Every structure is written in C-alpha cells, then in structure tokens.
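As a plain string of letters, each chain reads:
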Amino acid sequence: MKNGLARDLKKQIGKDNVKTDSEDLLAYCSDATHQSIKGKPDAIVLPLTPQDISKIVSYASKHQVPVVPRGAGSGLSGSSTPIKGGIVLDIKRMNRIIDINKGNLTAIAEAGVVLARFHKQVEKENLFYPPDPQSMSVCTLGGNVSTRAGGPRGVKYGTTGNYILGLEVVLPDGSIIHTGGSCVKQSVGYDITHLMTGAEGTLGVITKVTTRLLPLPAAKKTIIVKCRTTEQAAIAVSDIIAAGIIPSMLEFLSLGAIALMNTLISPPIVADGEAYLFIEIDGFPVQIEEDAKRIKYVCEDVDVMEIRVVEDKKEAASYWKARSSLYPLVLSFVKKVIVEDVTVPRNRIPEFVKSIEKISASTGIAIGVSGHAGDGNMHPSVLMGDVSEEMEKKAQDAIRQIVACGLELGGSISGEHGIGIHKAEFILQEMGARQIELFKSIKKAIDPEGIMNPGKIWIDGDSV
Amino acid sequence: MMDIVDYKDLIDKCSHCAFCEAVCPVFKEDLLETHVARSRLLIIKESLIDHHLPVTRRVKEIVNRCLLCAQCKNACPAGVPVDDIVIAARYNLYQGKRSPFFKRQIMKHIMAQRGKSDFFRRAGAFATKMGLDMADLPQIKRQSFSDMYQGTYAPKSKRRAKVAYFAGCATNAFYPDTGDAVMKVLSRNGVEITLPEGLVCCGIPALSEGDIETAKEMMKININILSKTDADYIVTDCTSCFMTLKEKSLTIIDGSDAIRQHAETVSLKITDVMSFLNQTGLTDDFPALKETYTYHIPCHARGMADLMTAPVKLLSNVDQARYVILDDDNGCCGAGGMFFTEYKALSGAMRDKKCRAIRQTAATTIVTQCPSCRTYIQAGFGNDKKVTHPMVLLARGYGLYIV
C-alpha cells in the first residue's frame, strides 16, 4: 500500500514534490516538543498551490489516509507530528506575501510565510503585526493560526487569533473555501474563520491568511526590574496591571533563567535577586516616559531591589534575544523539559507561583517559573536532569497538579501552544464532556472520514 | 577531533527547536526539513552512531549537502558544534576519500604548494575533470605572492609592532593583490612583517572533505613553523584561514598530541589583519577614495562580532568612501569553499539572490575578506562590478600601487 501511496501522490503533484526515503520520513516525525517520536509518516508532500492540496486531501479522503499539515515543525504540543502515519503536508514552499494594504491596515499572505519575514515586510511600511511567538525566526503564519500562537506581546496586543480576518482553507473533501475577508467588521453567520483558527489542522488545511495590522508604535523602552523574591516579582506584576499600565511585554524570569540567559548577554546581568521582570513599553515617546515613571513608582512601592531603564537599544535587543532563546537554552543544560502552557488570570499570579513552588517541593522535581507574566501565561517548566521511568512519573504527577491548580484559579490549560498530543489528556477537565461532544460533531460534519490530523486535541480524536 | 560516536552527547543537546531553519542557506533554498541541522544531526545519530538506519546514498547526500558555513552552530542556543559533527560524519563515511583519487592528489599537491600548482597552471583539462566551471574560477597569477615577497620587511614609518603574515593559498596564487595590499598598508603603519618560510595550506579544504589526517598534517607543519616566530601577532587576511588556525587546529590537535602546546601558543597569536589595524589604529592616516562599496560578510566571519565588523570599521577611515548596507539577511553567496563545484544549481540560486541584493544598492565595489566568496560573487557579476578584499580598497585609498 505504501509503494502505491507514493506512486499515487507523485502522479497527483509531481515526483519532486513527494519524499518517501526513510531519512526524509525521520526528519518529519517530531516537532520542537523534545524529540518525542510517536509515529512515522508514510510520505512527505510539498505542495505549491491550494489546488495541489485539494488533490492530495481528496485522494486521502477517498483512501482514508491521515493528513498532517505542517509549518516549520517548531510547535510545542506535538500538533504537527504524524502520530498515526499518513501524509505530512509541508506548506513551507507556499510562502508569498501577496498584499500589504496600508489604506486598510491589512495583509494577505500564504500560510508558509515565516513570521519574522512577515514582520520585516510589514514594518518596512511602518505597520505592525504584534503576535510574536519566540520561534518567530522560523515559525509560519499557517502554524501560528492553527495553534493561536502568541508571545510576550500578548499582554498588550493579544495572540494570533485577534488578528485573523479571513482564511483560505482546503477542506478534507478537496473544496477550497474563503472565510471572512478584509473588512474589520464582519457579522455573517457562523464564524468559520475562528473555527479554523486554533483547530490545529484537524478541520482542513489553511493556505492563505488575511491579517489585521496596526500602525507601528513610534518608540519603545526596556525596563529591567530585579526582585528580592519570586513572590515580590509576582506581586509587582499584578500591581503594574492593577495600576492600569499595559506594557507591550512583561516577562517574569527566575534566577536560574537569568543565569542561563547570561551566556548570551554581554555584559551579563548581576544575578543576585531571586526573580526578574523584563518589561517593554511602547507608544508615543511622551506616553512611554509617563508609563516608565509609573512602573517605577509601582515597583518602588513593593520595594524591589533595582529598577533600570535600558537606554541603549542594542543592549535592550540583546536581553530580548536571550529571552527568546530561553527554552532551547534550558534544554542544553537538562535532559528534558516539559514546557507547561497553563495560563491564569493575571490577578492570580502570586497564588499560582506560590503553588508551583509547593508542587516542586512536594514532588521533588525542579520546576522553572519564567514566562509571560503580564498575560498570566507563566510557562512553568518541568526540568528533568535525567530521563528515567521514575522521573517521568514524577514529572507527570507535577504536571497534573499544575494543571489542576491553574484550572482552580480560573485559568486555562493552554495560552498559546495549543493542545496537540501534549495537553490532550487535560482538555476534558477544562471543557467538560458536552463541549468535547460538540468538538466531535463539528469534526464529523467537516471531516467525516477523520483524515485530518487524527489523534490530536482530544485523546480519541480519530474516532468520530 | 573526536570520532563521530563520541559526539552523541553533544547531538543529544539539540532540543529540536528548529532555530537552525532561520539561518541554514541550504534549507532556505530547499525548504525541506531533512536538509537542516536538527535533522542532519538526527540522521547522523541514527545511521552512523546508533545504526538504526542503514548508511544509504540519501544519508551521504544529507551529510554532503552542507556548506559547513556554521551558521547553525552560531544560531544554536545549545551551542551544538554542528560543523565539527558534519566533518566527523564525513570522515566516518569516507575516511578522507570523499573525492576521487586524482582529485585528492591534485588537492594535496595544491595545498602543499599554497595554491601554486603546475596542475592549475595548465588548468583547463584538470579543472574540467574536477568538475569545475572555468567561468567560476579566478585566473592563476603569473607571479604569486611568495614570488613577490620573502623574508622580513622593516616598516616604512616608526616601528610599532612585529607581525608574522600567514598568506593563505588563495592570496598566494590567485589574489596576490590582497597580499601586496597587506604588506604595503602594514608597512606604512609602522608594522614590521616577517614571512615565515615553508608554510602550507591552513587545511580547511581537507577538513571540508572530512580528510582529517591531511588537515592535521598541514596544521602540524604550520604550527611548527609559526610557533618559532618572535612576532607579536600572526595576521591572516582570509576568514577561513583565521578560523582554521585559531579554532579548528585546537579541535583537531587535541590534548594528547605532543604539539598541542604549540598549537595553543599559535592560536593565541592569530589575529585578523583588519581587527589588528582597528586595534592599533592607523598612523599613516587620511586615506581617501571616491568609491561606493558594500560588504559581503563571509559565513566564517559571522561567528565572531569583531571579525565580522572589522572591514567596515577599518574602511570608515577612508575619506570619501561611502559604505552602503546590503539588505539580504546576511545570506551566504553559495561558494562554501569548493561546495559550489559540487552543487552548482543550489549554489547558483544562492548567488543569484546575493547579486540581486547587491544590485539593489548603489555600490560599484563589493568588499569581502574570503577569497572563495570573492571569486564566486565576481563570477556572478562578470565585469559588471568589482569584488575585492577590503585591504585592497584601503591600499587604494592610500594611493598605493597594487599588483
């Protein structure tokens, strides 16, 4: 059957666009969720047009072959991994930026466009596309939409979902639909655009994206706050938000995280506080001066160790670069990291941080708390010095406790990574059985053969 | 240099974060995940270390289709030395015999002669046999750098330092103008220069082939000679020579080697000639030249900020010369030493992008300190634009006659 599959796919879209060597298949088994290979694809397909994809999914529907859409493979939930085999649809070659419309503050781009390139092009026009997942140098718009990716700027600007106005999607039956459009106001029946957003490729293949844009902020400033204790830092975050200041980024970093990031920062930060806040404010110069003053007052009120406004742009950039490298940096020092994506309401951060420290102590496993504190997306990370059965058990125990704690505080199991396979076991806890039933009904209506990215989001994802 | 199996722990440091996708010139062309560092490492581990995958033609292709530009290493937050691992994999696959016998013999001869080979003088037939496109190659000069200069040269102004000059193969045989410029500019700036006798190629071409033994042989000869110099610094004009003498020699010649101490001494003294001049400052000042130039950063210069910025910093001393930035995300030109001879279409696509970006600027001259980039980009332009070494531009600023 596999030989037949390769031959058929090649016939559909040309032999250069289909790869079936074992080496190629191996390269597409995992994403950035620490090399957890759970299944191997039967073929890699590299389409160039929605019509190519239409042919492939029609074929796959007919023969009930799983299809897994994939961008850069930089996801952190396993959502683009072929756990049930089948076809991996690599959309990276569909990478044209079609239109940047200054008059309408919108842009249209193909799903394979790399986010950093999109940022650069948009910013050349003095426009701004805020979503900034830390993998932005490689991740694709299609992947971002499929996982509702976000990043540090989420605190002020929200995540990818807030910027999507329309999509081109290839449905599992091969039809190509255009949802939404370029209007900033749309009220036309069911919102298919945002049904497809965050669906992780389980309902169709996103091929084109229409995004909202903003004017590029005129100026920005970075502030580094050094705190005596983790608790003090958590309180400072809540107080900043409560004071009505919305920074463009508000990151919480532990002492351990700073020690790692210092390998990329010159001169290194003097690491003598227990926790740090990296803050960026943006807007008109007058506004950011005012915000900087107010942040200073709030932080002084909680008696932090040091508040420093970084005047040098290069120096500021080096801090943010190190911040974006934190996850792989951590991995270079421990064997395995499980990055949690549990998010809590911002006023509950002090309680959440305290609970995580308790969980760490009771399970005897190290848990780093560094993350996008400003939007409650703390990314507690379970750090494993070695990988053993006992360690895995402890880690799973810790994760279950973190999830329970987050939900109890009114939080969510994922802020920006999506569910994939990594969080599937917890979705029932958050959504409840009735909503999962709804998920399944929607899935069945759109993908009756269950070919699209099976096994994701909920545990029995392919049994529709 | 370790055996490939000993790199297992370093390969395991790869978190699969995919940051290498942002910088790998091969991946950016192919847009196939198999051809990027994280997959290369995984495939090397599976086939050459753990033997879960057979060593197929495809495995070899994946190991070979790498420029060794080291951009992935520079971008890797975990600091995985991907280039060393690919070299070790090539050694494991070919034991130094990646190329056909006659090509290896010619290369060895050329390396021992620092580029001055009779084979090359009668280029045509051999070059064609080696799969080289003559249009992409520079003309070998009638008079090599070592024909022009030998021994020690006193400075033309008050003596400030003494350096030994390691002129690489390309400078020696193809670009004696670079060597001529280095000699004249240093001399005018109070630097005594000595040219140690008996030097050979730095070893980088052999290393790229995974021919660790030949590379080591070359390195040992050079280290023995260079460790005897009483010069304050050993300057290089080529980024790859610099990298090989400064870093790779210490990877290849490990602690167990008798010559290790010498290798460390030499490595400490190795300095890029432009960084050296930036540090000491120009004394014979006020060079001037009406020229608009841009700078192509060689991949091997990108690992070190100082090395990367040195040419533009130095040329900022040249009055009236206008520097224009190349807006191409610091792309590779596709040369990759001899890589372009093996992967013509792939390298050609990279060069096309580079040339297009250069044409977008007002530059009439492109400076770059890597002879391989210089050759390859020049061939991309024909006579349209001039690609040269930054030191040549500086020498022209002084109004010096350069061969």
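Please read these numbers as outputs of a predicted model, since none were measured by experiment.

(A) Inspection of the confidence of the model for chain B at higher detail. Averaged over every residue, the pLDDT of chain B is 92; the share at 70 or more is 95%. Under the prediction, the complex receives an ipTM of 0.93, its pTM being 0.94.

(B) Structural detail: unusual backbone geometry. Residue and element names in this part refer to chain A. Here the amide bond leading from S266 into P267 is cis, since omega sits at -5°, within 30 degrees of zero. Positionally, P267 belongs in the loop between helix 9 (255-261) and strand 14 (275-283). Even without a glycine there, the phi angle at Q64 is positive, about 50°. Relative to the assigned elements, Q64 resides in the loop between helix 3 (50-63) and strand 3 (67-70). The exposed category is assigned to Q64, whose relative accessible area is 53%.

(C) Here's a closer look at the packing of helix 7 (residues 101-112) of chain B against helix 14 (residues 212-226) of chain B. Residue and element names in this part refer to chain B. Here helix 7 crosses helix 14 at 15°, and the two axes come no closer than 11 Å. Compared by their axis directions, helix 7 and helix 14 come out roughly parallel. The hand of the helix 7/helix 14 crossing is right-handed. Between helix 7, through K108, M111 and A112, and helix 14, the contact on the second element is made entirely by T214, E217 and M218. Within the contact of helix 7 with helix 14, the residues separate by chemical class into three nonpolar, one polar and two charged.

(D) Seen up close, the sheet that holds strand 2 (residues 161-166) of chain B. Residues and elements named next belong to chain B. Spatially, five strands are ordered 1-3-2-4-5 in an open sheet, and the strand pairing comes out mixed. Both outer strands of the open sheet, strand 1 (151-153) and strand 5 (270-272), are each paired with one neighbouring strand and no more. Pairs of neighbouring strands in the sheet enclose a mean axial angle of 35°, with direction left out of account. Here four bridges tie strand 2 to strand 4 (residues 233-236), and the two strands are oriented parallel to one another. In the strand pairing of strand 4, V163 is matched with Y233. The strands touched by helix 17 (residues 273-280) are strand 2, strand 3 (191-195), strand 4 and strand 5; relative to strand 5, the strand with the most contacts, the crossing angle is about 80°.

(E) Examining the pattern of salt bridges more closely. Residue and element names in this part refer to chain B. As enumerated under the stated definition, the model contains 52 salt bridges over all chains in all. Here E209 and R98 are joined by a salt bridge, their closest N and O atoms 3.1 Å apart. You can see E209 sitting in the loop between helix 13 (204-208) and helix 14 and its partner R98 sitting in the loop between helix 6 (82-94) and helix 7, a full 111 residues away along the chain. Like R98, E209 is buried.

(F) Structural context of the pairing of strand 13 (residues 249-254) of chain A. Residue and element names in this part refer to chain A. With six of six residues buried, strand 13 is to be regarded as a mostly interior element. Side chains M249, E251 and L253 project from strand 13 onto one buried face, and the interleaved L250, F252 and S254 project onto a second face that is buried too. For strand 13 and strand 14, the ladder comprises six bridges, and the chain directions are antiparallel. Bridged to S254 within strand 14 is A275.

Scoring rules and cut-offs
Residues numbered from 1 in each chain as written. Chains lettered and ligands numbered in written order. Predicted model: local features only at pLDDT ≥ 70, side-chain atom pairs only at ≥ 80, totals over all residues. Heavy atoms only, no water. pLDDT = per-residue confidence, 0-100. Helix = DSSP H or I, 4+ residues; strand = E, 2+ residues; numbered from the N terminus. Buried < 20%, exposed > 50% of the residue type's maximum accessible area, 1.4 Å probe, protein only. Axes fitted to C-alpha atoms, helices over the stretch in contact; angles between N-to-C directions. Parallel < 35°, antiparallel > 145°, perpendicular 65-115°, else oblique. Left-handed = near helix turned anticlockwise from the far one by under 90°. Contact = heavy atoms within 4.5 Å. Nonpolar A, V, L, I, M, F, W, Y, C, P; charged D, E, K, R; others polar. Pairing = 2+ DSSP bridges. Salt bridge = Lys/Arg side-chain N within 4 Å of Asp/Glu carboxyl O.

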